[in-house]
Amino acid sequence: MKSKFLYFCTLFHILLSGPLQGQTAAESFMSRTEIIGTLYSSFHFQLNEQNLGFDVERAYLGFTTQTNEKFALIMKLDIGSPDDVSAYSRIKRYAYFKNAAMVYSDGKFTIRGGIIDTYQFKFQERFWARRYIYRSFQDEYRFTPSADIGIGLSYDPNDWLTADISFMNGEGYTKLQVDNSFKTGLGLTLQPYKFLSFRLYYDFISKNEVLQSTFALFAGFRIEKFNLGAEMNYRVNDEHFTDRNKWGYSIYSTYHFARRWEVFGRFDFLTSKTLEGEDYGWNYSNDGSALMGGVQFAPTRFLKLALNYRDWVPYPPNLDSSHFIYLNLEFKL
């Protein structure tokens, strides 16, 4: 299987690069290509319902290759289950192009075009560093997709400042563009000191004469064995419905107490605006708070294991809380 995939990558690169000389082309390609392979899996036990189960949550397969000093090609498949509440949805698997893009970089200026990772929460996701356990706030609570079709530009004038702008489909990488609306995003990342970082982000998209916009603020502190991050996110006119605003925050921290061991914790809070004549927020059935914490062990650079507790406490008093014990696994080439 792996050899067939490598053969496909080699052939695709040759077609892009023009005529090359047999073995020399293949050797040149392979020396500048990195295979992408990632697997997320878990075992969980729900404390209040007394049920348990195994799950293969997601897999990524692809490659990235440097075609020359300034151009690179990224191709990555996202293989996972559909967003479906059906009891049988988890056994289904669909493959999407998570990335299918060309990248141009001259050191300080980078352009990405095609199906690309979005900029809005990637910095926060890298700081959290546990996507295999729980998605970052904006991804988990449907503030924005993790990848989309469009173009993104970033500029790094120095070591402490990065500015980015993006023009995206706005529907996400699993959906086709079905209207004439596009999302514009603006971001600024500052790292005045090695131990301190900030991220500001704003995007907007207009549809049916209703402007949906998102504002995000992040601050992070990191020293050798300890880090602490906090983010706030605010959405105005969610899904282009007037006054359907929602917002929340997330706080997360890690402490490395041994060479391959660390403990981590996180708290999320999500709420929504109460409309006129209503007693609760418009999104109250999904509003609530999440708490998680655990220990991670990394026996090799390819593998991470995490034993953790997590819960979800819904805002409506008539809904039951959920409490879980998880054993999560990440395998990454």
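Residue numbers run consecutively from 1 along every chain, following the written order of its sequence. Two thresholds apply to this predicted model, a pLDDT of at least 70 for residue-level local features and 80 or more for giving and counting side-chain atom pairs, whereas whole-chain, interface and lining totals are computed over all residues. Calculation of side-chain values draws on the structure's entire complement of heavy atoms; hydrogens and water are dropped beforehand.

A. Broad picture of the packing of aromatic side chains. Think of it this way: a Phe, Tyr or Trp ring, Trp meaning its six-membered ring, pairs with another when their centres are within 6.5 Å, and the plane angle makes it stacked under 30 degrees, edge-to-face over 60, tilted otherwise. Scanning all chains against the criterion turns up 25 aromatic pairs. For the pair Tyr 96 and Tyr 173, a centre-to-centre distance of 6.4 Å together with 85 degrees between the ring planes defines the contact as edge-to-face. Taken together, the residues Tyr 96 in strand S4 (residues 94–105) and Tyr 173 in the loop between strand S7 (161–168) and strand S8 (183–193) connect sequence positions 77 residues apart. For every residue, the accessible area obtained with a 1.4 Å probe (protein chains only) is divided by the maximum for its type, and the residue is called buried under 20%, exposed over 50%, and partly exposed between those limits. Note on Tyr 173: relative accessible area 16%, which makes it buried. Members of the aromatic cluster, connected to one another through ring pairs, are Phe 123, Phe 127, Trp 128, Phe 218, Tyr 252 and Phe 264. For a lysine, the NZ atom is tested; for an arginine, the CZ atom; a charge sits over a ring if that atom is within 6 Å of the ring centre and within 35 degrees of the ring normal. When the ring centre of Phe 127 is taken as reference, the NZ or CZ atom of Arg 222 above it lies at 4.5 Å. Lying across the ring of Phe 143, Lys 246 places its NZ or CZ 4.7 Å from the centre. Every helix listed is a DSSP run of H or I at least four residues long, and every strand listed is a run of E at least two residues long, numbered separately from the N terminus.

B. Quick look at the pairing of strand S1 (residues 33–46). Two strands are said to pair when DSSP picks up at least two bridges between them. Here 14 bridges tie S1 to strand S2 (residues 51–66), and the two strands are oriented antiparallel to one another. Note that in S2 the partner of Gln 46 across the bridge is Asn 51. Connecting S1 to the next strand, S2, in antiparallel fashion are 4 residues, including Gln 50 with a positive phi near 55 degrees. Sheet topology note: the S1/strand S16 (residues 322–332) ladder contains 9 bridges and is antiparallel. Within the sheet, the bridge partner assigned to Phe 43 lies in S16 and is Leu 327.

C. The side chain of Thr 144, seen in detail. If you trace the backbone, Thr 144 turns up in the loop between helix H4 (137–140) and strand S6 (147–158). We classify Thr 144 as buried; its relative accessible area is 7%. Polar contacts involving the side chain of Thr 144 include one to the side chain of Lys 183, which spans 2.9 Å. Two residues form a contact once any of their heavy atoms are found within 4.5 Å. Setting aside chain neighbours within four positions, we find Thr 144 in contact with Gln 120, Phe 121, Gln 138, Asp 139, Lys 183 and Arg 235. Two N or O atoms count as a polar contact when they lie within 3.5 Å, although within protein this holds only if one can serve as hydrogen donor and the other as acceptor, and sequence-adjacent residues are included solely when both atoms are side-chain atoms.

D. Looking closely at the pairing of strand S9 (residues 196–207). Where S8 lies against S9, 8 bridges are found, and the strand directions are antiparallel. Among the inter-strand pairings, Leu 188 is bridged to a residue of S9, identified as Leu 200. Linking S8 back to S9 in an antiparallel pair, the connection comprises 2 residues. For S9 and strand S10 (residues 210–222), the ladder comprises 12 bridges, and the chain directions are antiparallel. Across the sheet, residue Tyr 201 finds its bridge partner in S10, namely Ala 216. Where S9 hands over to S10, the hairpin turn is made up of 2 residues, of which Asn 208 adopts a positive phi near 55 degrees.

E. Main features of the confidence of the model for the protein chain. Scored between 0 and 100, pLDDT is the confidence that the predictor attaches to each residue. Residue-level pLDDT values for the protein chain average 88, and 86% of them are 70 or greater. pLDDT under 50 marks residues 1–9. Its contacts with residues more than four places away, or in other chains, come to 9 contacts.

F. Geometry of unusual backbone geometry. Backbone geometry at Ala 129 places phi at a positive 65 degrees, although glycine is not the residue there. Its location among the elements puts Ala 129 in the loop between helix H3 (122–128) and H4. Among the residues examined, Ala 129 registers a relative accessible area of 38% and is labelled partly exposed. Although it is not a glycine, Asp 243 adopts a positive phi angle of roughly 70 degrees. Within the fold, Asp 243 resides in the loop between strand S11 (226–236) and strand S12 (246–255).

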